[in-house]
Amino acid sequence: MQANRVLVVGKDETHAKAGVAKIAADKFTQVQAASWMEAIPLASSGRYQLVIVLAGAEIGIAAVTTFARSAERWTQREGMMLVALTEDGTAALHRDLQHAGFDDIIHRPMHPTQVASRVAILLRLSTMRRELARRQATARGFTSGDGLFLAPAEPVVASRRASVLLVQFDQSAHCAEQFNRAVRSCTEATICDDPEAARALLYRGGLDAVLLCSAVDPKSAIEFADRMRRVPALYNLPVLLATPEVEKLDLDMVFNAGVTDVAPTCLSSEQLSVHLTSFKRLEALRAALAARYAQHVEMVIRDGLTGFAGHGFGMAHLQATLRDCTELSLPVAVAGLTIENLDEINAVHGYLAGDIVMRRVGDMVRRCIRGEDMATRLSGSRILVQFPDTRYASANVAVRRLANVLRFQKVDLPGGASIALRIGYTLACWDGDADARALVASLKARKVAVAA
């Protein structure tokens, strides 16, 4: 297994090594210290998933901002994430770092275990961003997307007070009340000491975060977070667990239950405000990455014009279909449709007309095939249709009907021109031995029958 690589940047080597000591890394993570002068060539090498800059008195905000803007092209190209680690918990510094373009800000007095858990989350996000960058580079040749690299998430809790729901699981300890006062001073807080009533408030929406305050035993608060995680509408709502003794928590269990972050109840109102902004921003980045990842996967597997599966995904799906039908002893038929005059349309009317034709063909084919059938665009004018659990005779009827439907379509073009399509088709039935590529190759060897 390849180790995760983290680069910690300080004013000099001693400063950087002091920062490394604050990050508890596991055996799968390598943390390297680097002085300010060495940082740029190391960060630009593409070897690191995470670059952590020690921001504060030693390295001023002007220098940090310059470094962040230089690193923007690396974060986009390599999937690297840029993080600030600061001892200064003031909201002003936090706001300046956000505007500089950092993906997240880790501030002390976080407990070392909290810092380690935040680094682990950022490494997973960096892996996801790197995979997006790799897929974007792979798909650039045949997708028309506008680029899916992500700029750092915008600050979510910045210009207004955060709207939070504070759920109290015990009220006996003084520190819990102290934390409640800090919450009221920096947020628009709704206080609730009944978990059942809190669930009703959650479904109303409009919340930026949920704070679970437990001064004695956080077990019930963790169970509450776990139930929240199982509700799709609440999945991306950040959850902060506040408890006096953070070091005694089993953080793996806490984070697996859906808790976004953990905070000691001794935080001041300013520290709490910074903490809320940081972990809300991190959650927004996580949600944005997940949405873009799903969008990008859809772009890679789908043809942009027809809506059919792309060549690679369609062939993989056919191979999986053959494997499943082998186990169930079911037949599979495949048909190849060819738009015979597509090159002629492109030459006479232009490629925009060809795009209009392919969109119309995509609409008609999707209407005419069954839900279990699948259409794939093999190349410019060639379409493959898979008919699972279908014998040759039935597939022949279906594909002839489909070819005739397409042949009788008149495609209207801008300017008043109207085009009729010439459609050819071939048909093959799987014999139980050939793989997906051999089956498609057998279509090429057959004589193309032009629909009459």
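Residues numbered from 1 in each chain as written. Predicted model: local features only at pLDDT ≥ 70, side-chain atom pairs only at ≥ 80, totals over all residues. Heavy atoms only, no water.

Going by the annotation in an unreviewed UniProt entry, the name recorded for the chain is diguanylate cyclase, with Sphingosinicella xenopeptidilytica given as the source organism. In UniProt, the chain has this text filed under Catalytic activity (unreviewed entry): "2 GTP = 3',3'-c-di-GMP + 2 diphosphate". (UniProt positions renumbered as here; feature names shortened; annotations may be inferred.)

Caption draft 1: Geometry of the pairing of strand S16 (residues 423–429). For S16, the buried fraction is high: 6 of the 7 residues fall into the buried class. The pairing of strand S11 (residues 332–339) with S16 spans 7 bridges and is classified as antiparallel. Note on S16: the bridge partner recorded for Val-334 is Ala-428. (Buried < 20%, exposed > 50% of the residue type's maximum accessible area, 1.4 Å probe, protein only. Helix = DSSP H or I, 4+ residues; strand = E, 2+ residues; numbered from the N terminus. Pairing = 2+ DSSP bridges.)

Caption draft 2: Inspection of the sheet that holds strand S8 (residues 209–213) at higher detail. A sheet is described by the order of its strands in space; here 5 strands give the open sequence S7-S6-S8-S9-S10, paired in parallel fashion. This sheet does not close on itself; its edge strands, each paired only once, are strand S7 (187–192) and strand S10 (261–263). For this sheet, the mean angle separating the axes of adjacent strands, direction not counted, is 25°. Pairing between strand S6 (residues 162–168) and S8: 5 bridges, direction parallel. In the sheet register, Val-167 faces S8, and the bridge partner there is Leu-212. (Axes fitted to C-alpha atoms, helices over the stretch in contact; angles between N-to-C directions.)

Caption draft 3: Focus on helix H11 (residues 311–328). For H11, built from 18 residues, the straight-helix expectation of 26 Å at 1.5 Å per residue is met to within 8% by its first-to-last C-alpha distance of 26 Å. Those residues of H11 that fall on the buried side of the exposure criterion are Gly-314, Met-315, Leu-318, Thr-321, Leu-322 and Cys-325. Viewed along the axis of H11, the buried residues span an arc of 115°, placing them on a single side of the element. Among the exposed residues of H11, those oriented more than 90 degrees off its buried face are Gly-312 and Glu-327. Where H11 ends, the next residue or the one after it, Ser-329, has phi of about 55°, a positive value. (Expected span 1.5 Å × (residues − 1). Arc of directions from axis to C-beta.)

Caption draft 4: Representation of the pattern of salt bridges within the structure. Throughout the structure, instances matching the rule amount to 7 salt bridges. The salt bridge partner of Arg-377 is Asp-303, with a shortest N-O separation of 3.3 Å. In this pair, Arg-377 sits in strand S12 (residues 374–377) while Asp-303 sits in the loop between helix H10 (269–301) and H11, placing the two residues 74 residues apart along the sequence. A salt bridge links Asp-373 to Arg-370; the shortest N-O distance between them is 2.7 Å. Arg-370 gets classed as partly exposed once you look at its relative accessible area, which sits at 35%. Within the structure, one salt-bridge network assembled from shared partners comprises Arg-370, Glu-372 and Asp-373. (Salt bridge = Lys/Arg side-chain N within 4 Å of Asp/Glu carboxyl O.)

Caption draft 5: Main features of the sheet that holds strand S1 (residues 4–10). Pairing is parallel across the open sheet formed by 5 strands, whose spatial order is S2-S1-S3-S4-S5. In this open sheet, the two edge strands, each paired with only one partner strand, are strand S2 (29–35) and strand S5 (104–107). Recorded for the sheet is a direction-independent mean angle of 25° between the axes of neighbouring strands. Bridge count between strand S3 (residues 50–55) and strand S4 (residues 81–86): 6 bridges; the pairing is parallel.

Caption draft 6: Spotlight on the pairing of S12. Residues Met-374 and Thr-376 line one face of S12 and the alternating positions Ala-375 and Arg-377 line the opposite face, and both faces are buried. Relative to strand S13 (residues 382–388), S12 is paired through 4 bridges, and the arrangement is antiparallel. By the bridge assignment, Met-374 is partnered in S13 with Gln-386. Hairpin remark: S12 followed by S13, antiparallel, with 4 residues in the connecting loop.

Caption draft 7: Fine view of the nonpolar core. By size, the foremost hydrophobic cluster in this structure holds 30 residues, and its most contacted members are Leu-337, Val-361, Val-365 and Leu-421. Going through the elements one at a time, S11, helix H12 (342–349), helix H13 (351–368), S13, helix H14 (392–407) and S16 are the ones with two or more residues in this core. For this core, the element with the most residues is H13, which contributes 6 residues. Among residues more than four places away in sequence, those in contact with Leu-421 are Ile-339, Asn-341, Ile-345, Val-357, Val-361, Leu-406, Arg-407, Gln-409 and Val-411. (Core = buried A, V, L, I, M, F, W, Y, C linked by side-chain atoms within 4.5 Å. Contact = heavy atoms within 4.5 Å.)

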